[in-house]
Structure formats: C-alpha cells, structure tokens
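Okay, here's what each chain looks like letter by letter:
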Amino acid sequence: MASRKAIFIYSTELEKHSYPPEHPFNTVRAKKTRQIINSMGLLSGSGITEVAPVPAERIVLKKFHSARYLHALRNASKGRWDVEALNMGIGTSDCPIFNGLYEYAVLATGATLIGAKQILSGSADIAFNPSGGFHHAGPERAAGFCYINDVALACMVLAEQGKRVLYLDVDVHHGDGVAYAFYDRSDVMTISLHESPASLFPGTGFADEIGEGEGKGYCVNIPLPIGTYDKMYMKVFNDVAVPLMTAYNADVIVFELGADALVGDPLAHLCVTNNSYAEIINFLLSLNKPILATGGGGYNVDNTARAWALAWSVLCGDGDEYDMNLGVGGVMLESTDWQGGLRDREFVVRSQQREMVLPGIETTIETLKKNVFPIHGL
Ligand SMILES: [Zn+2]
C-alpha cells in the first residue's frame, strides 16, 4: 500500500451526550485524542482527512441487535424504562440510562461503520474511530458500558461484502460480544488478548474457547495473568497471534484498541505500556491490508488519549519521527508527568513479578499451540 489514505472519524456531535459523571467511561477521551493529534499536525495533509460520522441506520443495527432490544434502548434514552429493559442489561450501574444514550450509541456506531464503508469503497486504507469499540454488547444485551456493538457490526458489514476479516482486540477485557457473534464462522477470525477471566469481567475468554463448527480455530482467546508486562505481552503476541494472523491472511483488519491494558488503569491489573501498542500496529501495517481501528476501554483518561494519539501517529506513518521532531511536551498534554512525547516510559519489572507472570503466559501459549495451531496447518 504505497501511500495510505487515513481518516480520523470524529465530530463535536459526539460530545453532546455523556455517561453520568460518576461512571468510569469518559467520552472526553476522543476529544482529547483529537486535540493532541491536531496540535501535532496529524489531522490533515499527506492523505489524512477528518471525517464526521453519521448515525448508523436502523436496518444495519438490526444485522446484530434485535428489534426488541433497539426499541427498549431508544425508549430508555427518552426516560421510558421498564423491567423488560432491565432484563436486557439496560439501566444497570454498568450500563446506566442517560439522556441521549441512544443517540450517542448510534452515532458512535455510525462512526465505526463509516470507516468500514470508506475502506470498502477504497476511499480509506486506515480509519480510526476513537469513540468506538463497544465489544461487550450482545444481540439483546447491554453489558460492560456497551450498548451497541459497533465492532461486531463492522465485521459483519465487511464480511457481507466477501471480505475475510481479522478482528484483533487488545482491550484488557475479553471481546466477548464480537467473539460470540462469529463463534461458528471462519470468515471472521477473532483474536482477543485480555486479562485472565479468572480475575476480570466478563469472566469469559479462556484459552480453550476456540470456536465451534466451521468456526473452530477461528476464535482465539489469549488470557494473560495479572501483572503482565510488555515483554511477556509481546512474547505471547509474537508466539501466538502473529503466526495465526499471518496464516489467516485477512483482507481487512478491525482493531479494537482499548487502552485499559495499560499500566495504571484503575479497572484492571496489567502493566503494559503504549510501546507495545505501537509495536502491534507496526506489525499490522506490515500485513499491508486496510485497518479499521476503534477506541474501547481505557479509564485513565490522559494515558488513554496519549496512547490513542500515539496509535494514530503510527498508523499515519512513523510515530517516532513525529514524536521526536515535534517534541510534544507535557504542557500540551496537560500533564506534568510525561514530557518526553507520546510514548510511555519503560515499566520497571521486578523479579517477583517476572516469576508470577511467566507460568500463566507459558500455559496460554501451550494451550493455543496445541488446540488452534494445527487447524491452520501450523
Ligand atoms: Zn475494557
């Protein structure tokens, strides 16, 4: 892909509604990401454009969600809420009802879908919607801060057009909604790296959940022990995910870039830095296929915005180059802690942590090599 066309998908319309102030999901992360990349000059020029989303059409939403669920969600958004809605997860503490919730969810989903559309038409090779990545939503279920599963829908839309889709999910939580949507299909391979379901929501995504029927071997779960740090994260990525992605040879990549695996996230227990994300993106770019990236979790707002800005700079070219030449400083990032650019400092690992993490990593690698590799001739 000689010169890539990249679109950043955002509009201030996305800021009209937000989760209740006490809720950890902060929609300002997309705005902050945009501010950083805009100040770096990465919103225009050399193939880069900013695109405003349009709300997803109901007919598209119904490819994954039931009419009953969409109806309940829209009603709840207008203040009409009942026990039937609650039974679908709408109005819980994780998925609260707030004014304009339906409009927000539909617009955020539309943002991901416009990325899929532009990739299909060839107008974009790289698309990033930092307001997307709602991987926990089920066909008739709101869960884990997610109401409408934009990423499952994007995979569906792309697969419908005959594309072989690779869905890669680095959010610290298992990408359950997407994994189960394609559990019996081989035209969408889902790979999720996440903290072990034994210690974290949603409690699924063990290494032996590998899909069924046609889809056996096309659902890849990579659970990680508490305390997993860059070197171990990249070891499992390189040992398991890389050979599988290479063998699968997708036409298009959907990349859920939750930033809650980063060290310091208040809701999870991994110690990854954004340097690993940059390395993963560089690998994805080396596959030379279109990439539709979305946001996701990430509950340390500043770290998340910085990680997504770094991701965008790497997607657009050379992250290091932009970082160093422009000398992005702590003041611009509204933080005094990070003055050396977008990249996280190296996380120092002590021997005790090393000893704690390694066995879990080795078990995960072994299980997947035994159960999934042979299906792909590896
Ligand atoms: Zn998450």
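Fair warning: this is a prediction, and the values are worked out from it, not measured in the lab.

## A few points about the environment of Leu378
And then number 1: Considering the arrangement of structural elements, one finds Leu378 in the segment after helix 12 (351-371).
And then number 2: Linking Leu378 and Lys235, residues 143 residues apart in sequence, is a C-alpha distance of 17 Å.
And then number 3: Setting aside its immediate chain neighbours within four residues, Leu378 contacts Pro243, Leu244, Ala247 and Phe373.

## Examining the sheet that holds strand 1 (residues 6-9)
And then number 1: The strand order across the open sheet built from eight strands is 2-1-3-8-7-4-5-6, with neighbouring strands paired in parallel fashion. Two strands in the sheet have a free side with no partner beyond their single neighbour: strand 2 (48-51) and strand 6 (219-224). Averaged over all adjacent pairs, the angle separating strand axes in this sheet is 15°, with direction ignored.
And then number 2: Note that strand 4 (residues 165-169) and strand 7 (residues 252-256) share five bridges and pair parallel. By the bridge assignment for strand 7, Leu166 is matched with Ile253.
And then number 3: Helix-sheet contacts for helix 9 (residues 274-286) involve strand 3 (126-129), strand 4, strand 7 and strand 8 (291-294), and the interaxial angle to strand 7 is about 170°.

## Section: the coordination of the zinc ion
And then number 1: Here the zinc ion is held by Asp171 (OD), His173 (ND1) and Asp260 (OD), and the distances to it run 1.9 to 2.1 Å.
And then number 2: Each donor residue of the zinc ion belongs to the same chain, with the gaps between them written as D-x1-H-x86-D. Of this pair, Asp171 sits in the loop between strand 4 and helix 7 (176-181) while Asp260 sits in the loop between strand 7 and helix 9, and the two are 89 residues apart along the sequence.

## Re the pattern of salt bridges
And then number 1: Enumeration according to the criterion identifies ten salt bridges in this entry.
And then number 2: One salt bridge connects Lys32 with Asp302, and the closest N-O pair in it is separated by 3.1 Å. In this pair, Lys32 sits in helix 1 (residues 28-39) while Asp302 sits in helix 10 (residues 301-316), placing the two residues 270 residues apart along the sequence.
And then number 3: By relative accessible area, which is 32% here, Asp302 ends up partly exposed.
And then number 4: Lys235 is the salt-bridge partner of Asp239, the closest N and O atoms lying 3.2 Å from each other. Residue Asp239 and its partner Lys235 are located together in helix 8 (residues 230-248), separated by four residues, close to a single helical turn.
And then number 5: Here Asp239 falls in the partly exposed class, since its relative accessible area comes to 24%.

## Observations regarding unusual backbone geometry
And then number 1: Along the chain, Phe201 connects to Pro202 via a cis peptide bond; the corresponding omega equals 5°.
And then number 2: Along the chain, Pro202 falls in the loop between strand 5 (188-195) and strand 6.
And then number 3: A positive phi angle, close to 70°, is found at Phe145, a residue other than glycine.
And then number 4: Classification of Phe145 as buried rests on a relative accessible area of 10%.

## Focus on the environment of Lys16
And then number 1: Along the chain, the position of Lys16 falls in the loop between strand 1 and helix 1.
And then number 2: Given the relative accessible area of 56%, Lys16 is considered exposed.
And then number 3: Along the backbone, Lys16 and Gly100 are 84 residues apart, and their C-alpha atoms lie at a distance of 8.1 Å.

## Examining a nonpolar patch on the surface
And then number 1: Residues Trp81, Val83 and Leu86 make up a contiguous nonpolar surface patch of roughly 290 Å² in combined accessible area.
And then number 2: Tracing the sequence through the fold places Trp81 in the loop between helix 3 (67-77) and helix 4 (83-87).
And then number 3: Taking the relative accessible area as the measure of exposure, Trp81 reaches 42% and is therefore partly exposed.

## A few points about the pairing of strand 7
And then number 1: Summarising burial for strand 7: five of the five residues are buried, a large majority.
And then number 2: Residues Val252, Val254 and Glu256 point to one face of strand 7 and Ile253 and Phe255 to the other, with burial holding for every one of them.
And then number 3: In the sheet, strand 7 pairs with strand 8 via four bridges, with the strands oriented parallel. In the strand pairing of strand 8, Phe255 is matched with Ala293.
And then number 4: At this point the chain moves from strand 7, through helix 9, to the parallel strand 8, and the crossover so formed is right-handed.

Here is what the cut-offs are and how they apply
- Residues numbered from 1 in each chain as written.
- Predicted model: local features only at pLDDT ≥ 70, side-chain atom pairs only at ≥ 80, totals over all residues.
- Heavy atoms only, no water.
- Helix = DSSP H or I, 4+ residues; strand = E, 2+ residues; numbered from the N terminus.
- Contact = heavy atoms within 4.5 Å.
- Pairing = 2+ DSSP bridges.
- Axes fitted to C-alpha atoms, helices over the stretch in contact; angles between N-to-C directions.
- Donors = N, O, S within 2.8 Å, 3.2 Å for Na, K, Ca; no water.
- Salt bridge = Lys/Arg side-chain N within 4 Å of Asp/Glu carboxyl O.
- Buried < 20%, exposed > 50% of the residue type's maximum accessible area, 1.4 Å probe, protein only.
- Patch = residues over 30% accessible without salt bridge, like charges linked within 9 Å, V, L, I, M, F, W, Y side chains within 5 Å.
- Areas by Shrake-Rupley, 256 points an atom, 1.4 Å probe, with all protein chains shown as cover.
- Right-handed = clockwise from strand over helix to strand, strands pointing away.

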